[in-house]
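Chains, contacts and geometry: an overview
Each chain, written out:
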Amino acid sequence: MKYYIGIDGGGTKTAFSLCSSEGDQVAEHLTAGSSYMMYGTDQVVERIKTGVGQLLQKGNVEQADVAGISMGLPCIGENTVLDHPFKEAIYASFPGVPVYIGNDVEVGWAGSLACEEGINVVAGTGSIAFGKNHSGKTARSGGWAEFFSDEGSCYWTGRKTLELFSKEADHRLPRGALYDTVREEFHLTDDYQLIDLMVKEYFPYREKVAGLQLLLEKAALQGDPQAIQAYRGAAEELALIVKGVLNQIEFPQGFSVSYSGGLFKAGDLILKPFEEQIRALGGVLVKPLLPPVMGAVLLCFSQFNPSQFPAVSKKIRKKESER
């Protein structure tokens, strides 16, 4: 029996899945983020190597029995100079095992659309879109860097949370649930205490800023109009990323757009306005078929065992629908 490994990397976490050659999931594993721009090449390579080792141990499988590893990682494809040594270090960590390395947005697409034609938007810590059309042409848009991109992501909405709090605090906007939510979360007795807290404990950590989005969600669910509008703004930005893909490759009217990433856990707060934006572009918003890590598994089969891909894809999708 041969085995295939899929890895979905992100800024805050990395998911691993081990499947048999027949598409049965044998083991899964979760560890910390795998952005080499954030954590450095050495740490990420070691994290992936250790993660694979722990995954194989869980599945009672030897590395010699692994027929392929496919991984989607942040930052890949954004710096060719730095990508090369990073990839070489990954390859060297798995001697004798075929390895495919792509951007995390590609495994998001592969999972959400099961490698079929369409566009996937990732809105996690950062934001990016990837599309592939019927002729096999691909394009990506967004995801440059948090300082001037990643619009509509959890990091972007996390910063928006702080912006709205400051505006509600000093009466530029009417005070609502967001103002009270932030004060309660950080036990503020003076609104300006937030500045020192953010500078010291949040601003240096991208994932912690992204986590502030949960406060925005809480306030929006309580009816804060500014918080609700922030999600509409995020939907507009994510739709613009989709438009960026459409401006590069052709899709038929009624093309599929799917999604992955933590922002979409906010449910209808983001999905309803996003669906409206996608419909205006001529597309159809569809629920993800598989999680990104299983998309990585499908990519692994398509790369290293294409003859088995159709049967495995059907089997994995069936199992996911039965959950």
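See the structure printed just above.
Definitions and cut-offs
Residues numbered from 1 in each chain as written. Predicted model: local features only at pLDDT ≥ 70, side-chain atom pairs only at ≥ 80, totals over all residues. Heavy atoms only, no water. Axes fitted to C-alpha atoms, helices over the stretch in contact; angles between N-to-C directions. Helix = DSSP H or I, 4+ residues; strand = E, 2+ residues; numbered from the N terminus. Left-handed = near helix turned anticlockwise from the far one by under 90°. Contact = heavy atoms within 4.5 Å. Nonpolar A, V, L, I, M, F, W, Y, C, P; charged D, E, K, R; others polar. Pairing = 2+ DSSP bridges. Buried < 20%, exposed > 50% of the residue type's maximum accessible area, 1.4 Å probe, protein only. Salt bridge = Lys/Arg side-chain N within 4 Å of Asp/Glu carboxyl O.

**Description of the packing of helix α5 (residues 154–169) against helix α10 (residues 225–246)**
- The contact between α5 and α10 brings their axes to 11 Å, and the two run at 145°. Between α5 and α10 the crossing geometry is right-handed. Here Trp156, Thr157, Lys160, Leu164 and Glu168 of α5 lie close against α10, whose contacting residues are Gln226, Ala227, Ala230, Gly233, Ala234 and Glu237.
- Its residues assigned to classes, the contact of α5 with α10 shows 5 nonpolar, 3 polar and 3 charged.

**Considerations on the sheet that holds strand β2 (residues 13–20)**
- The mixed open sheet is built from 5 strands, whose spatial order is β3-β2-β1-β4-β5. Looking at strand neighbours, the two that pair on one side only are β3 (25–32) and β5 (99–103), the edges of this open sheet. For this sheet, the mean inter-axis angle between neighbouring strands, taken without regard to orientation, is 15°.
- Against the sheet, helix α3 (residues 80–93) engages β4 (66–73) and β5, with an angle of about 145° to β5.

**A few points about the pairing of strand β8 (residues 138–142)**
- Relative to β8, strand β7 (residues 127–132) runs antiparallel, the two sharing 5 bridges. Bridging across to β8, Phe130 finds its partner in Arg140.

**A look at the pairing of strand β6 (residues 118–123)**
- Of all 6 residues making up β6, 6 are buried, and the element is well covered by its neighbours.
- With burial as the criterion, each face of β6 is covered, one bearing Gly118, Asn120 and Val122 and the other bearing Ile119, Val121 and Ala123.
- Sheet topology note: the β6/β7 ladder contains 6 bridges and is antiparallel. When the sheet's bridge partners are listed, Gly118 is paired in β7 with Lys132.
- By the bridge criterion, 4 bridges tie β6 to strand β9 (residues 255–260) in an arrangement that is parallel. From the neighbouring strand, Ile119 faces β9, where its bridge partner is Val257.

**Topic: the pattern of salt bridges**
- In this structure the tally under the stated criterion is 13 salt bridges.
- Between Glu163 and Lys160 there is a salt bridge, with its nearest N and O atoms 3.3 Å apart. Remark: Lys160 and Glu163 occur in helix α5; sequence separation between them is 3 residues, near one turn of the helix.
- For Asp170, the salt bridge identified is with Arg172, shortest N-O distance 2.9 Å.
- One continuous salt-bridge network, built from bridges that share partners, spans Asp24, Lys315 and Lys319.

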